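Single-letter residue listing:
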Amino acid sequence: MGHPPIYMILFAIFYHSHGLETNLLYRSKRIQESAGSDPSACFSRTDQPQVLTNTPNFSMDLRMPGVIPAESDTYLCMAFRVPISQAAYVVDFMPQATMNTVHHMLLFGCKTPVSTTNYWDCGSARGTCDDGGSILYAWARNAPRTKLPKDVGFKVGRNSGVSYFVLQIHYGDISAFQDHHKDCSGLTLRMTTKPQPFIAGIFLLMSKDAVILPGKTVTNADVACDYASYPIYPFAFRTHTHGLGKVVSGYRLRNGEWSLIGRQSPQLPQAFYPSNRDVDVKYGDILAARCMFTGEGRSEKTYIGGTSDDEMCNFYIMYYMDSKHAIPYMSCMETGRAKLFQHIPAEANIPIAVSPDHMNSMMHMEGHSGTSGHKDSTSTPDSTSEEQLLNQDVHLEQNPVWPQSDLQLGQVSGLAIDSDSNLVIFHRGDHHWGPHSFDSQATYQQRLSGPIQQSTILVVNSDNGNILKASGRNMFYLPHGITTDKDNNYWVTDVALHQVLKVSSDGSDQTLLSLGEAFTAGSDHNHFCQPTDVAVDYESGNIFVSDGYCNARILKFSADGKYLSEWGAGSSDRRRHIPFRIPHSLAFLPKNKEVCVADRENGRIQCFTAQTGEFVKEIKKEEFGGSVFAITFLPVGGEDGLIFAVNGLSTYGRSTPLSGFAINYSTKDIVDTFIPKKGDFKMPHDIAVTKNGSIFVGDAGSNTVFKFTAEKAHRSVKKAGIEVLEEIETFIQTKVKPELNVSKTATVQQKPKTAQHLQPLNDEKTTIVSKTNKEQGLQPVFITVLLLVPLMLVTAIGVFFCWRKNNRHEDMKMEPSAAGGIFEKIRGKAVGSLNLGNFFASHKGYSRQRFDQLSTEESDQDRNEQESSESENEEYSAVPPLPRSS
């Protein structure tokens, strides 16, 4: 395969291309470490790059010089000379664009661009580069930034074949230019002159002749080529189709075995996602890809082409190679043989559903909120509640009679707890987030229907569910998250408005502060794109916003709405840095001064310092099943506390029961799980906790709020006796030392006394009807005596046998016993865990076959090289390969 013929490269570029010609403004400014990227300032940038010699790191802005496309499906290109004569390496791509304006964006590297003096229409036969060029980067649908793994870079400059960058932008629908604004979209490149031991490249598999038949449910476009070069190590992949694509899958074939490189719905954000970590590609392998399309809804044949009405079938592999053999770009456009693709895994034929519940940046759908009003109870719970929640004998159970009356809710998107411990419910009334709620540019499509006429904010008594007050009429279009501040004001997010609003709770429905521009999505400091949740620091008044479905960031504002900072996902190992996939819910930890995030589609919880956004820890469990929709926090003494979370159906196909989780913040252990006994979770969307430990879960699928309270396991004396016998039976089976047995027996005998202090955490009063005669006290005593006689006998027999055994094995060590509450569980640390820091101690003889994570968030470059995981048991969060369907 190697280097494809030049006409093939030109063919690929042609189908990526379309514009106008005016004057070129070559503006690239080399600055230390980070570049300003305000599109409005694109005209004021210095004409010539400034070379700074005190650091090898610099940035370069590549922007369109204020263009106005004349028609839809215009492709414009602009060339930028690599600003230094020596070799340099691109290590970070930061998009400065929004899908409201730009359909997609490509960056090419070449020696001879079509023009060096003007920007030009590159959708015509002129193309991008006279010498063919190579693709360095691709972006679409508000995909986040792409930072390469450590020690990897795209080589440009001297001896690289890349003297120019060519930025190509496809302007799909120009209705966004009705106001005649000038577009300055583009990229910021983070670069270094420090030689990189591994050189990055792009391998493009592309179908050029697929025809999608109208009305046909499934049409497959298959591409396959023999690989005939030096080994490459894929670390990321990206899929691209237009609206008819359902799933795109890429594989390596070796000895007849298909190994998945990556698989994704092209209707989700078209970012580079982490590839299968176990796949390398070497001489003799076959690289193959399949795009699955549907022709439903079309009345004519659809061909591969460059307009929005055409289709594309692209599978990009981002890889690295040893620098001695580096090839920056390879491609394959050969139609796959039908006989070969008879054996493709079944998963390639199964669409990845992008439903109203799971779509994010495609925005066709709702996700699940991670909003908990003031989900984070800043009041310290009373000691009785703490004791109950932390005791092993306590389990969260649904209160089946709450609420006592029908609340008549729409989709429940957010929950909060006010300062009076009342529950605040944020719901959507008669509005629904469905497949047609947003277009491909995140513009809300039902705006003409007006706001929700029903009261969207209900304050209800947390004890009985009675409505205390209602507000929020004719204000919101698609509510999502809600939280409360110390003055009981509501901080809400509306995904249709793309705004965060501070609303009074006095019933006047007064908007006290608004952040973002109504119905306008964006990714700068003044705009959001479907923000999901808000957390409030009661002490400073600062607020934190998770943004959201199109963006992948946390923003921090002062109490009066002044922008302070923002950050992306964190990692204790920069080589395994995974961007947020819908930061969906926030919880503020008042004692620790931390903000925790439910990273929904990554199935993890990440916590950061509120002051600086520094990464603190990550909680990721198999029980989450690949998704965490919402979290809340309950302080419990010192720096300990409990995080409560709910999972949901994962976009990435992993099936796990829908449950609630109680998690020890310090140890990251799951200490309890809970599900409804009356009804079922369908789309648990938010969670909130009162200061006394009552848990509320809002379900957007069933339009329901569930209540859970901590109940002590109800024991009769008979049941307690059975448990004692079970413990002794276990003792005999495992041959535990007699001292341990005595300890457990003593513990069991004391349980009736302990139970006096462990009242159930139930807000409703339970009336127990019992007898009042003398038999009421005599019967338990009589039964207890009967049970203790055989108990003592069996104990004595056990002690005798163990004593005999001890005489033979005096050197046997005593096993410690574990008794008490949840926090006294064994806290062992994993052994034999992988230390990624050892892989690249030296360049020669490296054995690592791929990098673990492609970062698409904030760089960890400036962090301490010695930074280590808070726990040796911390779980890595690289996205696992999707399970194959049977």
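Structural notes, computed from the coordinates. (Residues numbered from 1 in each chain as written. Predicted model: local features only at pLDDT ≥ 70, side-chain atom pairs only at ≥ 80, totals over all residues. Heavy atoms only, no water.)

## Overview of a nonpolar patch on the surface
The cut-off we apply is this: Candidate patch residues must exceed 30% relative accessible area and have no salt bridge, after which like charges are joined if within 9 Å and Val, Leu, Ile, Met, Phe, Trp or Tyr side chains if within 5 Å. The Shrake-Rupley method, run with a 1.4 Å probe, gives the accessible areas here. Residue values count only the displayed protein chains as cover. Throughout this description, the term salt bridge denotes a Lys or Arg side-chain nitrogen within 4 Å of a carboxyl oxygen of Asp or Glu. Counting from the N terminus, the helices are the DSSP runs of H or I reaching at least four residues and the strands are the DSSP runs of E reaching at least two.
A cluster of nonpolar residues, Val211, Leu213 and Tyr303, forms a patch on the protein surface that exposes about 240 Å² of accessible area. Structurally, Tyr303 can be placed in strand β19 (residues 302-303).

## A word on the environment of Val67
Put simply, the test is: In this analysis, two residues are considered to be in contact whenever any of their non-hydrogen atoms come within 4.5 Å of each other.
Its location among the elements puts Val67 in the loop between β1 (57-63) and β2 (74-81). Through-space distance from the C-alpha of Val67 to that of Lys182 is 5.0 Å; in sequence the pair is 115 residues apart. Excluding anything up to four places from it in sequence, Val67 contacts Leu76, Tyr119, Tyr171, Phe177, His181, Lys182 and Asp183.

## Notes on the state of the cysteines
To keep it simple, the criterion reads: Any two cysteine sulfur atoms within 2.5 Å of one another count as a disulfide. Only protein chains enter the calculation, and the probe is 1.4 Å; a residue is then buried if its accessible area is under 20% of its type maximum, exposed if over 50%, and partly exposed in between.
Under the criterion given, the structure shown has six disulfides. Disulfide pairing places Cys596 opposite Cys607 at an S-S distance of 2.1 Å. Note on the Cys596 and Cys607 pair: the S-S dihedral is about 105°, so by sign convention the disulfide is right-handed. Of this pair, Cys596 sits in strand β37 (residues 594-599) while Cys607 sits in strand β38 (residues 604-609), placing them eleven residues apart in sequence. On the accessibility criterion, Cys596 (1% relative accessible area) is buried.

## Observations regarding the pattern of salt bridges
This model, assessed by the stated rule, comprises 14 salt bridges. When the shortest N-O distance is used, the salt bridge between Glu618 and Arg604 registers 3.4 Å. You can see Glu618 sitting in strand β39 (residues 615-619) and its partner Arg604 sitting in strand β38, a full 14 residues away along the chain. Classification of Arg604 as buried rests on a relative accessible area of 0%. One salt-bridge network, in which partners are shared between bridges, spans Arg252, Arg254, Asp280 and Asp285.

## Thoughts on the sheet that holds strand β9 (residues 164-171)
Condition: Pairing between two strands requires that DSSP report at least two bridges joining them.
One open sheet accounts for five strands, arranged β5-β2-β9-β4-β6; its pairing is antiparallel. Here the strands that pair on one side only, and so sit at the sheet edges, are β5 (120-121) and β6 (134-140). In terms of strand pairing, strand β4 (residues 104-110) meets β9 through seven bridges, oriented antiparallel. Bridge pairing in β9 places Leu106 opposite Gln168.

## A word on the packing of aromatic side chains
The geometry of two aromatic rings is summed up by the distance between their centres and the angle between their planes. Threshold: For this analysis, a ring pair means two rings from Phe, Tyr or Trp (six-membered ring only for Trp) whose centres lie within 6.5 Å, classed as stacked if their planes differ by under 30 degrees, edge-to-face if by over 60, and tilted for the remaining angles. A ring has a charge above it when a Lys NZ or an Arg CZ is no more than 6 Å from the ring centre and no more than 35 degrees off the ring normal.
Under the definition given, this model contains 31 aromatic pairs. Ring centres of Phe203 and Tyr227 lie 6.5 Å apart, and the angle between their planes is 45°; on these two criteria the pair is classed as tilted. Taken together, the positions of Phe203 in strand β11 (residues 198-206) and Tyr227 in the loop between β13 (219-226) and β14 (233-240) put the pair 24 residues apart, joining distant regions of the chain. Between Lys617 and the ring centre of Tyr665, over which it is positioned, the NZ or CZ distance is 3.8 Å.

## Considerations on the sheet that holds β13
Formally: Helix axes are fitted to C-alpha atoms over the stretch in contact, other axes to C-alpha atoms as well, and angles between N-to-C directions run from 0 to 180 degrees.
The strand order β13-β18-β15-β16 describes an open sheet built from four strands, whose pairing is antiparallel. Across the chains shown, the open sheet's two edge strands, defined by having one partner strand only, are β13 and β16 (257-264). Sheet twist, expressed as the mean angle between neighbouring strand axes with direction ignored, is 20°. The sheet contact formed by β13 and strand β18 (residues 286-293) spans eight bridges and is antiparallel. Among the inter-strand pairings, Asp226 is bridged to a residue of β18, identified as Ile286.

## Here's the deal with unusual backbone geometry
Trans is the prevailing form of peptide bonds, just as negative phi is the prevailing case for residues other than glycine. Of note, the amide linkage connecting Trp402 to Pro403 takes the cis form, showing an omega dihedral of -5°. On the secondary structure map, Pro403 appears in the loop between β23 (394-398) and β24 (412-417). For Asp73, which is not a glycine, the phi torsion comes out positive at approximately 60°. Looking at where Asp73 falls in the secondary structure, it is placed in the loop between β1 and β2. In this model, Ala442 sits at a positive phi of 65°, which is unusual for a non-glycine residue. Within the fold, Ala442 resides in the loop between β25 (423-427) and β26 (457-460).

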